[in-house]
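Descriptive structure summary
Take a look at the letters that make up each chain.
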Amino acid sequence: MSGLEDKLAAASLEPAEQPKKKPSLFGKKKKKSFATKLTQERPPEKQATKPKAVQQPTTFKAADYASSARRGADVSAQNNCSLEALGVALYAARAFREAFERATGSSPVADALREVLKGVSKNEIPSSQNEALRQALSTRGGAISAAFAYADAAEVLELLLDALESDLEKWSRPCTSVGYQLVRQPCLLCGDSSRAGAMNEKRDVRAFPVIAASILHLLESASTPQTFADLFREARASEPVSCTACGERACAVGGEMETVAPVLVVNLTWMETPSSSSIAQLVRGALLPFDAAVAFGGGSEGMYQCVAVVCFKGDHYTAYARPPPSSVDLRYPPRWTLRDRFVDRGSGDVEWLLGELATAKPKLPALLVYVRV
Ligand SMILES: [Zn+2]
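Residues numbered from 1 in each chain as written. Predicted model: local features only at pLDDT ≥ 70, side-chain atom pairs only at ≥ 80, totals over all residues.

**As for the packing of helix α6 (residues 108–121) against helix α7 (residues 127–138)**
- Here α6 crosses α7 at 155°, and the two axes come no closer than 8 Å. Overall, the two elements α6 and α7 adopt an arrangement that is roughly antiparallel. As for the relative orientation of α6 and α7, their crossing is left-handed in sense. On α7, the residues touching Pro 108, Val 109, Ala 112, Leu 113, Glu 115, Val 116 and Gly 119 of α6 are Gln 129, Asn 130, Ala 132, Leu 133, Ala 136 and Leu 137.
- Looking at the contact of α6 with α7 residue by residue, the classes come out as nine nonpolar, three polar and one charged. (Axes fitted to C-alpha atoms, helices over the stretch in contact; angles between N-to-C directions. Helix = DSSP H or I, 4+ residues; strand = E, 2+ residues; numbered from the N terminus. Parallel < 35°, antiparallel > 145°, perpendicular 65-115°, else oblique. Left-handed = near helix turned anticlockwise from the far one by under 90°. Contact = placed C-beta atoms within 7 Å. Nonpolar A, V, L, I, M, F, W, Y, C, P; charged D, E, K, R; others polar.)

In structure tokens:
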């Protein structure tokens, strides 16, 4: 299976639907809006005219690798950027860092990661440590070991977390959400609840796959603006199933989580390059605090704040990271810093970040790293 197929398979762990307007049974609930919150922060801007979406394939073919090879791209460099960006993003998640410091045990992967994070903490450029980490991970397979392969950041993260889980002791698995399952609700029409309840076994989830187009579709079709938590839940929502009593497709199915990880990673999957205004709209919402109870239900709780965005553009991953959330954020908005191959390439506020991503050829946010606040 190709990497993309893997991703799609992962994304369909729950039957995530392609953008489709869902019939509303009892009308739309009034949603809390981004817009309301945003206007409290800054005056609304005039809506820019919407540029036409650039249709561009964002899947990667053998021809792309071949052209990289012809350009004489550095193999290790090409394969290292996903790890470099992950190093920066995981460092930004203090709960990950602290869990990693508390864990004991030594292995090539764990030791190399310690060195990478130490380098990031000192604002150094731990490229050789990162290469050591890549080599240690390579022995575990995956695209990261192959020349000119495209090492997808979400796959590399899974590989890294697998390694830490098997190599470390007292590892609290800070990126693992526990007890996810699909739950069927009683029939909305006749109230029959004989088949309501869990539809599958509980399972653990690390990065949550979400098809970006589903979120954009919801953003653009909703009459009232929605929070990212709403969008996140709806983009992953399953179609209602048929009621065994009345025969109507009126039994809602939702994914419920028992415990959401202290470090929540959202993996946005892009099938095509969206317009820059769509990216800006999505990221603006994603950077506001995220309510896990809304996004996951099932008794999960906590507010989450995005601290790092791993982006992809032109065969290359970079990371934007901000300092840990604190109570002074309201008065002093956080500064985001771009790190490209660990090198500081500039920083600014949220508007600056949006300007960086939402260019004519947008940078695609691939991983959003949230911490509980
Ligand atoms: Zn029914």
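**Quick word on the environment of Thr 176**
- Summarising the element assignment, Thr 176 is placed in the loop between α8 (153–167) and β1 (177–184).
- Here Thr 176 falls in the partly exposed class, since 18 other C-beta atoms lie within 10 Å of it.
- Between the C-alpha atoms of Thr 176 and Pro 262, which are 86 residues apart in sequence, the distance is 8.1 Å.
- In this view, Thr 176 contacts Asp 204, Arg 206 and Ala 261; residues no more than four positions away in its chain are not counted. (Buried ≥ 20, exposed ≤ 12 C-beta atoms within 10 Å, placed from the backbone.)

**Here's the deal with the nonpolar core**
- Counting residues in hydrophobic clusters, the biggest one holds 89 residues, and the most contacted among them are Ala 89, Ala 308, Val 310 and Val 369.
- In this structure Val 310 touches Ala 85, Leu 86, Ala 89, Ala 153, Tyr 317, Ala 319, Ala 366 and Leu 367, once residues within four positions along its chain are discounted. (Core = buried A, V, L, I, M, F, W, Y, C linked by C-beta atoms within 7 Å.)

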